[in-house]
Amino acid sequence: MKNSEPYETLDPENWEKLRNLAHRMVDDAIGYIEKVEDRPVWQAVPPDVAAEFSEPVPVEPTEPEQVYQQFLKKIMPYPMGNIHPRFWAWYMGNGTVFGALSDFLAAIMNSNLGGGHHAAVYVEEQVVNWMKEMLGLPGDASGLLVSGGSMANLVGLTVARNTGAGYDIREQGVGSSTGPLTIYASKEVHSSVQKAIELLGLGRNSLRNIDVKPDYTIDIVQLSAVINADRAAGCLPVCVIGNAGTINTGAIDDLNALADLCRREKIWFHVDGAIGAVAVLSERIKTRLSGIERADSVALDLHKWMHVPFEAGCVLIRSEEAHRKSFSLTPDYLAHETRGLPGGHIWFSDYGLQLSRNFRALKVWMSIKEHGLKRYGRMIDRNIEQAAYFGRLVEHAPDMELLAPIVLDIVCFRFNPGGLDDVALNPLNKEILMLLHERAVAVPSYTTLNGIYCLRVAIANHRSRQADFDLLAEAVVRIGRELLPGFMSANAS
């Protein structure tokens, strides 16, 4: 007896209807980007909208048109804001339209990049090779695309730990070390490094945070002394981390000096380049990054200054053998073959934690093809020029104060009209920041340097124009003066 019911799958019941909806979604999305500067930089999710996300899980189908309408009403109007030309918070790129379309195509193919013989593997391999060429690492180096700088640091430090331990740490564990394994970085190093060290079983105490000089670069004299003292105490130094752009100020450590020290001490040299490694494309900055090509491993982000849509990070490892030995594990059901689908010449699961890996390489590949590295370099140069321009606005304004040297595209400053100490200025500047956000003027972020609360502008934005920085400078002073009477009276009492 023939079943008259249609065979149930998750494909559309009406392909033409979904095609029409898809065309509308693409049109809406491109219009959303095209007119982004006409909308608020950021706005809070209203309580009534937030409450709608408490609904129970659906157990019956909803028409795609209705689901899309809910997206338009509840989600699309309340973004983080990092696609806007006046978003300069933390350190984030803007993405691109073509990059987003590339991500769509990757999702349509839905390839798993753990391994196997299929085109997506060749795409990721080529992207990794491009990154090696861009940074000057040797052609036989290894690499892997990852979610971002945090995972790239974890992968790089894993290989550093395993190589520097001097025994099979995968087999015997960290408890078999003849002494504490120690890692060195400046006090300005990114928090992901500490997380990685904790996850690697080394413990927070194994991270030696070295003092920085007035320009926020690592004090190499102190670093050398601490390494010598640790060796004398029975520790096993395994890695030094150099910053190619610190998260707070964009400071670039002396990478050549660190490479010399690591070669002399026979220690792994890792560079955290999540902020600034891609600035090798900049005519203004690339000489400051000299020495990055000498690193044993490098972490870099492509969703920052190259504006690939999230997530897109990369780790490069000079020694392919050390990289593979740190992660490769091939059970029978994943045996690598020479024919068929399992006949791929490279399995990326041999070089990282994940077996299930999405096709993030496609949006990198298509974005680089679309723009070319020279255009990225020009965008980076322009952001650096914009940071210098905004720094001059701060320095020439009697009510503002620059708080750190400007090296890359990060400006740390505050409103300071005089007559208030840091105890009063810190909350005053915090309130200025909140009002800049809530009034949808602009979205800078914040940090603390030497106990001073800073407004922090990180200009990794290909849509920002000079007028945007004029507007920010004017708004900081205007809001600061608006708030000043209340803070002056509170300070006086």
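Residues numbered from 1 in each chain as written. Predicted model: local features only at pLDDT ≥ 70, side-chain atom pairs only at ≥ 80, totals over all residues. Heavy atoms only, no water.

1. Concerning the overall build of the protein
In terms of regular secondary structure, the protein is built from 14 helices and eleven strands. Relative to the globule expectation of 23 Å for 493 residues, the C-alpha radius of gyration of the protein, 25 Å, shows essentially globular dimensions. By principal-axis analysis of the C-alpha atoms, the protein measures approximately 90 × 60 × 45 Å. Taking as baseline every contact in the protein between residues at least 6 positions apart, the subset at least 24 positions apart corresponds to 73%. For the protein, the centre of its 47 positive side-chain charges and the centre of its 59 negative side-chain charges are spaced 4 Å apart. (Helix = DSSP H or I, 4+ residues; strand = E, 2+ residues; numbered from the N terminus. Rg over C-alpha atoms; globule rule 2.2 N^0.38 Å. Contact = heavy atoms within 4.5 Å. Lys, Arg positive; Asp, Glu negative; His and termini not counted. Charge placed at Lys NZ, Arg CZ, Asp CG, Glu CD.)

2. As for the side chain of Asp 468
Inspection of the secondary structure puts Asp 468 in helix H14 (residues 466–492). Here Asp 468 is in contact with Pro 85, Arg 86, Trp 88 and Arg 463, once residues within four sequence places are set aside.

3. Concerning helix H1 (residues 15–34)
The end-to-end C-alpha distance of H1, which contains 20 residues, comes to 28 Å, matching closely the 28 Å that a straight helix rising 1.5 Å per residue would cover. Structurally, the start of H1 carries an N-cap: the backbone nitrogen of Glu 16 is 3.1 Å from a side-chain oxygen of Asn 14. (Expected span 1.5 Å × (residues − 1). Polar contact = N/O pair within 3.5 Å; in protein donor to acceptor, adjacent residues only side chain to side chain.)

4. Quick word on the pattern of salt bridges
Within this structure, the stated rule accounts for 24 salt bridges. The partner of Lys 363 in a salt bridge is Asp 103, and the shortest N-O contact between them spans 3.4 Å. Within this pair, whereas Lys 363 is found in helix H12 (residues 361–396), its partner Asp 103 is found in helix H4 (residues 97–109), the two being separated by 260 residues in sequence. Residue classification places Lys 363 among the buried residues on the basis of a relative accessible area of 2%. Glu 311 serves as the salt-bridge partner of Arg 360, at 3.3 Å between the closest nitrogen and oxygen. Of this pair, Arg 360 sits in the loop between helix H11 (320–327) and H12 while Glu 311 sits in the loop between strand S6 (297–301) and strand S7 (313–317), and the two are 49 residues apart along the sequence. When salt bridges with common partners are traced through the structure, they connect Lys 17, Glu 63 and Glu 65 into a single cluster. (Salt bridge = Lys/Arg side-chain N within 4 Å of Asp/Glu carboxyl O. Buried < 20%, exposed > 50% of the residue type's maximum accessible area, 1.4 Å probe, protein only.)

5. Some words on the sheet that holds strand S1 (residues 142–146)
Sheet architecture is open: seven strands sit in the order S1-S7-S6-S5-S4-S2-S3, paired in mixed fashion. Each edge of the open sheet carries a strand with a single partner, namely S1 and strand S3 (207–210). Averaged over all neighbouring strand pairs, the angle between strand axes comes to 20 degrees, with direction disregarded. Sheet topology note: the S6/S7 ladder contains five bridges and is antiparallel. (Pairing = 2+ DSSP bridges. Axes fitted to C-alpha atoms, helices over the stretch in contact; angles between N-to-C directions.)

6. Some points on the pairing of strand S5 (residues 268–273)
Each regular strand shows side chains that alternate between the opposite faces of the sheet. In terms of residue burial, S5 counts as a mostly covered element, since six of its six residues are buried. The two faces of S5 match: Trp 268, His 270 and Asp 272 on one face and Phe 269, Val 271 and Gly 273 on the other face are all buried. Judged from the five bridges that link them, strand S4 (residues 236–243) and S5 form a sheet pairing that is parallel. Looking at S5, one finds that Cys 239 is bridged to Trp 268. For the crossover that starts at S4, traverses helix H10 (residues 255–265) and ends in the parallel S5, the hand is right-handed. Bridge analysis of S5 against S6 gives four bridges, and the strand direction is parallel. Within S6, the position partnered with Asp 272 by the bridge is Ala 299. (Right-handed = clockwise from strand over helix to strand, strands pointing away.)

7. Considerations on the environment of Asn 383
In this structure, Asn 383 sits in helix H12. Asn 383 sits in the buried class, given a relative accessible area of 1%. Between the alpha carbons of Asn 383 and Ala 460 there is a distance of 6.5 Å; along the sequence they are 77 residues apart. Dropping the residues within four chain positions of it, Asn 383 is found in contact with Trp 305, Asp 409, Ile 459, Ala 460 and Asn 461.

8. Considering the nonpolar core
In terms of nonpolar packing, the biggest core is built from 105 residues, with Leu 135 and Leu 300 touching the most fellow members. A per-element tally of this core places helix H5 (residues 119–135) first, with nine residues. If near-sequence neighbours (up to four positions away) are discounted, Leu 135 is found in contact with Ala 277, Val 280, Ile 292, Glu 293, Val 298, Leu 300 and Leu 316. Ranked by size, the runner-up nonpolar core spans 33 residues in total, among them Val 411, Ala 424, Ala 442 and Ala 475. (Core = buried A, V, L, I, M, F, W, Y, C linked by side-chain atoms within 4.5 Å.)

9. Quick look at the sheet that holds strand S11 (residues 452–458)
Spatially, the four strands line up as an open sheet ordered S8-S9-S11-S10, and their pairing is antiparallel. The open sheet terminates on both sides in strands that have one partner only, identified here as strand S8 (400–402) and strand S10 (445–449). The mean angle between the axes of side-by-side strands here comes to 40 degrees, regardless of whether they run parallel or antiparallel. Where strand S9 (residues 410–415) lies against S11, four bridges are found, and the strand directions are antiparallel. When the bridges of S11 are listed, Cys 412 appears paired with Arg 456.

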